[in-house]
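# Architecture and fold: a report
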Amino acid sequence: MLLRMSTLFLRTLREDPADAEVPSHKLLARGGYVRRTAPGVYSWLPLGKLVLENVTSVVREEMNRIGGQELLLPALLPREYFETTGRWTEYGDSVFRVVDRKGADYLLGPTHEELFTHLVKGEFSSYKDFPVVLYQIQEKFRDEARPRAGILRGREFHMKDSYSFDLDDEGLQHSYDLHRDAYVRIFDRLGLRYVIVSAMSGAMGGSASEEFLAETSTGEDTFVRSTGSGYAANVEAVRVPVPPALPTEGAPEARVHHTPDTPTIETLVDFFNGAGIGRTVTAADTLKNVLVKIRQPGDSEWEILGIGVPGDRDVDMKRLEAALEPAEVAMLEEADFEANPFLVKGYVGPNALIHNKLRYLADPRVVEGTRWITGADQADHHVVDLVCGRDFAPDGVIDVAEVRDGDPSPDGQGTLYTARGIEIGHVFQLGRKYADAYELDALGPDGKPKRITMGSYGIGVSRVVAAIVEQSHDDKGIVWPREVAPADVHVVGTGKGEQIEVAVRIAEELTARGVRVLVDDRKGVSPGVKFTDAELLGIPTSLIVGKGLDQGVLELRDRASGEREEIALDTAVEKVAGVVAGE
RNA sequence: CGGGGAGUAGCGCAGCUUGGUUAGCGCGCAUGCUUUGGGAGCAUGAGGCCGCGGGUUCGAAUCCCGCCUCCCCGACCA
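In every chain, residue numbers begin from 1 and rise along the written sequence. Chain letters start at A and ligand numbers start at 1, both assigned in the order the entries are written. Selection of residues for local features in this predicted model requires a pLDDT of at least 70, selection of side-chain atom pairs for listing and counting requires 80 or more, and totals for whole chains, interfaces and linings are taken over all residues. Side-chain numbers come from the whole structure's heavy atoms, not from hydrogens or water.

### Focus on the protein's contact with RNA strand B
Around RNA strand B, the surrounding shell holds 37 residues, and the nearest of these are Arg 14, Arg 153, Glu 535, Arg 557 and Arg 564. Those atoms of RNA strand B that come within 4 Å of the protein belong to sugar or phosphate at a rate of 54%. Whenever two N or O atoms come within 3.5 Å, that pair is a polar contact, provided that in protein one can donate a hydrogen and the other can accept it, and provided that, for residues adjacent in sequence, both atoms are side-chain atoms. Interatomic distance of 3.2 Å between a backbone N/O atom of Ala 18 and a phosphate oxygen of RNA strand B. Between a base nitrogen of RNA strand B and a side-chain N or O atom of Arg 148, the distance comes to 3.4 Å. Secondary structure elements are defined from DSSP: runs of H or I of at least 4 residues count as helices, runs of E of at least 2 residues count as strands, and each element is numbered from the N terminus. Of all the elements in the fold, those that place two or more residues in the surface near RNA strand B are helix H14 (527–537) and strand E31 (553–558). Consider each residue's heavy atoms; a residue with any of them within 4 Å of a molecule or strand counts as near.

So, in structure tokens, the structure goes:
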């Protein structure tokens, strides 16, 4: 492959586009890799298309390696498929819908579970046909409420989606493991720094769904990781370590104190520290009781739920919703307090709930024998030394308090800190949801139908391109890993002699050896411009044919390290081919 | 959907407060000469529905009213 800058459809920009905020957006636009066409919709220009194809190739190779079979389904999908699973209405505003001249409804595919399931049902029907893994790499469409960050979150994007079809749970687990391994190889080859986090709360069951997050400061997903181990998890999935229970004997009696005007944790702590109860109190010694109401799907009644967390922490609504899924969660309204006069706002204690037959769930840190300062269920009163297991007994444990930097890691090694990432891959055990909807069965050896179980696995191919740039750039431009770079070598001819002719000749010789080459053969362009463009474009290796040519000397540059080396003209092709081959 | 900002040449912007000749600057583009190791110089050019519609005015990029679009933060989504 030989690209000539004199004719390449490329115009680099000296300034950042006004609408670009994140590095990947700025650099991909300035480098002429992409151009914005509409909000969240981008055109891939020749260099960008090459990068996209390189990523695609890596994905394709690794999918084929695990036995995946590539096919290509339409992006334009008729309504009927989505009626079967109810997703036609479920999707709401988040998909593009189109109507044909006859008035028939379609949508532009956001994902393809329905189509794949239906397709398999039409072709395969024997247990001998399974398992099977099918995948495609194509454009997906989602009408994002707010596309942002350029390529990172668009409304049209490239995605590899694959689907596994197995006869039983063991088979599904195997297909899932194969995909997970393939994803590790893919992202390793692409040179990405990433973590694998559980995408679900522990209650929903371990490895049924995991996300691959590329670590970047600009990512929109937050997760936590440990300073002392490889532990990483979504905030929703963090399980707080449970401290050992303490003996209840010998603990002082619970005593109610008059605590005027202390409806908040802060005022309460201040009060006790001025009240001389014989010890210094912190917010962590108090038990904050947060009241929410929940409603199970299909129910019309709300249930009031009390949640006890250490007073120095808030309830994390995301963790709460994940823990209570699929129930709906809402904060209590004034009317709820009026209907339940035993709930004294600002002074709620565990026993008001427990004694009135309302469920009370407590943080894992609230173990037997722990002593708490908490509401006494009457205005302006709190109770001190209320002992868990002696004075109150929660109905259960709920792990929904906010996770903070410095919290101990659940695996016991190190402490947690929050990081940001971009979701680049997702592996998910779907189970039989779609197989049930389409009645996808295989006839077993016993002559009886067996319901198929499925997995779905995605990689955001275009997003991966942006994620790579986010992780691999400097103030001058992009630094492509060789596997995804649009070329291996950027041969730059600069000077008023025969440098450009020599550069082109070297480029042709390298091309003949199978090296992918971009040659800067533009005439009348100053060296500074060419060097700057080379750094912006980010091809891993540059070969400068310039002022040293008269002495038979060329310069080899490494984009990532910035190292420069003078090499002889005679052996340059040999040398560069070796560098490209990783020698 | 809530909050903030912006629409002027392919790109980045000024001009608007205080209406007044032919709407300006940088980059890019074209032509010529010079220049050639770090975003060159000089000269000459091409390129505009000043977002759209209405209004005020002798006169509107500029003032008024309405609308549309885009960007950023949040919510939502994943």
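### A short note on the packing of aromatic side chains
Classification of ring pairs uses Phe, Tyr and Trp, with its six-membered ring standing for Trp, and accepts pairs whose centres are within 6.5 Å; under 30 degrees between planes counts as stacked, over 60 as edge-to-face, and the remaining range as tilted. For the structure on display, the rule yields 10 aromatic pairs. Ring pairing ties together the aromatic residues Tyr 183, Phe 187, Tyr 194 and Phe 212, which thus form one cluster. Over the ring of Trp 88 we find Arg 97, and its NZ or CZ is 4.5 Å from the ring centre. Geometrically, a lysine NZ or arginine CZ counts as sitting over a ring once it is within 6 Å of the ring centre and also within 35 degrees of the ring normal. The ring of Phe 531 carries Arg 557 above its face, with NZ or CZ at 4.4 Å from the centroid.

### Quick look at the pairing of strand E9 (residues 156–166)
Throughout this description, buried means an accessible area under 20% of the type-specific maximum (1.4 Å probe, protein chains only), exposed means over 50%, and partly exposed covers the range between. Of all 11 residues making up E9, 10 are buried, and the element is well covered by its neighbours. Following DSSP output, two strands are said to pair if at least two bridges run between them. Pairing between strand E8 (residues 132–141) and E9: 10 bridges, direction antiparallel. Bridge pairing links Val 133 to Ser 164 in E9. Looking at chain direction, E9 and strand E25 (residues 453–460) are connected through eight bridges and run antiparallel.

### Some words on the environment of Thr 415
Positionally, Thr 415 belongs in the loop between strand E21 (396–397) and strand E22 (416–431). For Thr 415, a relative accessible area of 31% puts it in the partly exposed group. Note: C-alpha distance between Thr 415 and Leu 77 (338 residues apart in sequence) is 48 Å.

### Quick look at the packing of helix H2 (residues 46–65) against helix H12 (residues 461–471)
To define axes, lines are fitted to C-alpha atoms, for helices over the stretch in contact only, and angles between the resulting N-to-C directions are given on a 0 to 180 degree scale. The N-to-C vectors of H2 and H12 enclose an angle of 110 degrees; their axes lie 9 Å apart at closest approach. Put simply, H2 runs roughly perpendicular to H12. Contacts between H2 and H12 pair Val 51, Leu 52, Val 55 and Thr 56 from the former with Val 461, Ser 462, Val 464, Val 465 and Ile 468 from the latter. Ten residues, namely Ala, Val, Leu, Ile, Met, Phe, Trp, Tyr, Cys and Pro, are considered nonpolar, four, namely Asp, Glu, Lys and Arg, are considered charged, and the remaining ones, Gly among them, are considered polar. Classifying every residue of the contact of H2 with H12 by side-chain character gives seven nonpolar, two polar and no charged. In what follows, roughly perpendicular refers to angles from 65 to 115 degrees, roughly parallel to angles under 35, roughly antiparallel to angles over 145, and oblique to any angle outside these ranges. Any two residues whose heavy atoms approach within 4.5 Å at even a single point are treated as in contact.

### Here we look at the sheet that holds strand E20 (residues 381–387)
Adjacent strands of a sheet form backbone hydrogen bonds with each other and so pair up, either parallel or antiparallel. Pairing is antiparallel across the open sheet formed by three strands, whose spatial order is E14-E20-E19. Two strands bound the open sheet, and with one partner strand each, they are strand E14 (255–258) and strand E19 (371–375). Here the strands of the sheet are splayed against their neighbours by 25 degrees on average, with no regard to which way each runs. Inspection of the sheet shows E14 paired to E20 by four bridges, in the antiparallel sense. Looking at E20, one finds that Arg 255 is bridged to Val 384. Relative to the sheet, helix H7 (residues 265–273) contacts E14, E19 and E20, its axis offset from that of E20 by approximately 80 degrees.

### A short note on the nonpolar core
Here, the term nonpolar core denotes a set of buried Ala, Val, Leu, Ile, Met, Phe, Trp, Tyr and Cys residues that are joined through side-chain atoms within 4.5 Å. Counting 57 residues, the largest nonpolar core has Phe 187, Leu 190, Leu 192, Ile 424 and Trp 480 as the members making the most contacts within it. Considering every element that reaches this core, the biggest residue donor is H2, with eight residues. Here this core spans two domains, since at least three of its residues come from each of domain 1 (50–75 + 109–238 + 418–469) and domain 3 (487–580). Core analysis: the next-biggest nonpolar cluster, separate from the first, contains 25 residues, Leu 77, Tyr 91, Phe 130 and Leu 430 among them. Residue ranges for the domains trace back to a domain assignment, done automatically or taken from a database.

### Digging into the sheet that holds strand E15 (residues 287–295)
One open sheet holds the five strands; their spatial order is E17-E15-E16-E18-E21, and the pairing between them is mixed. Both outer strands of the open sheet, strand E17 (328–331) and E21, are each paired with one neighbouring strand and no more. In terms of strand pairing, strand E18 (residues 359–362) meets E21 through two bridges, oriented parallel. In the strand pairing of E21, Ala 362 is matched with Val 397. With respect to the sheet, helix H8 (residues 317–324) is in contact with E15, strand E16 (303–310) and E17, its orientation differing from that of E17 by roughly 140 degrees.

### Details of the pattern of salt bridges
We define a salt bridge as a contact between a side-chain nitrogen of Lys or Arg and a carboxyl oxygen of Asp or Glu at a distance within 4 Å. By the definition in use, this model includes 38 salt bridges. Taking the shortest distance from any N to any O, the salt bridge between Arg 87 and Glu 113 comes out at 2.8 Å. Of the two residues, Arg 87 sits in helix H4 (residues 87–90) while Glu 113 sits in helix H5 (residues 113–123), which places them 26 residues apart along the sequence. With relative accessibility at 6%, the residue Glu 113 sits in the buried group. Of the charged contacts in the structure, one is a salt bridge between Arg 87 and Glu 114, with a shortest N-O distance of 2.7 Å. Of the two residues, Arg 87 is situated in helix H4 and Glu 114 in helix H5; the sequence distance between them amounts to 27 residues. Classification of Arg 87 as buried rests on a relative accessible area of 9%. On the basis of relative accessible area, Glu 114 is assigned to the buried category, the value being 0%. One connected set of salt bridges, linked through shared partners, spans Glu 61, Glu 62, Arg 65, Arg 185, Arg 189 and Glu 483.

Purely spatial values, then, with no claim about function.
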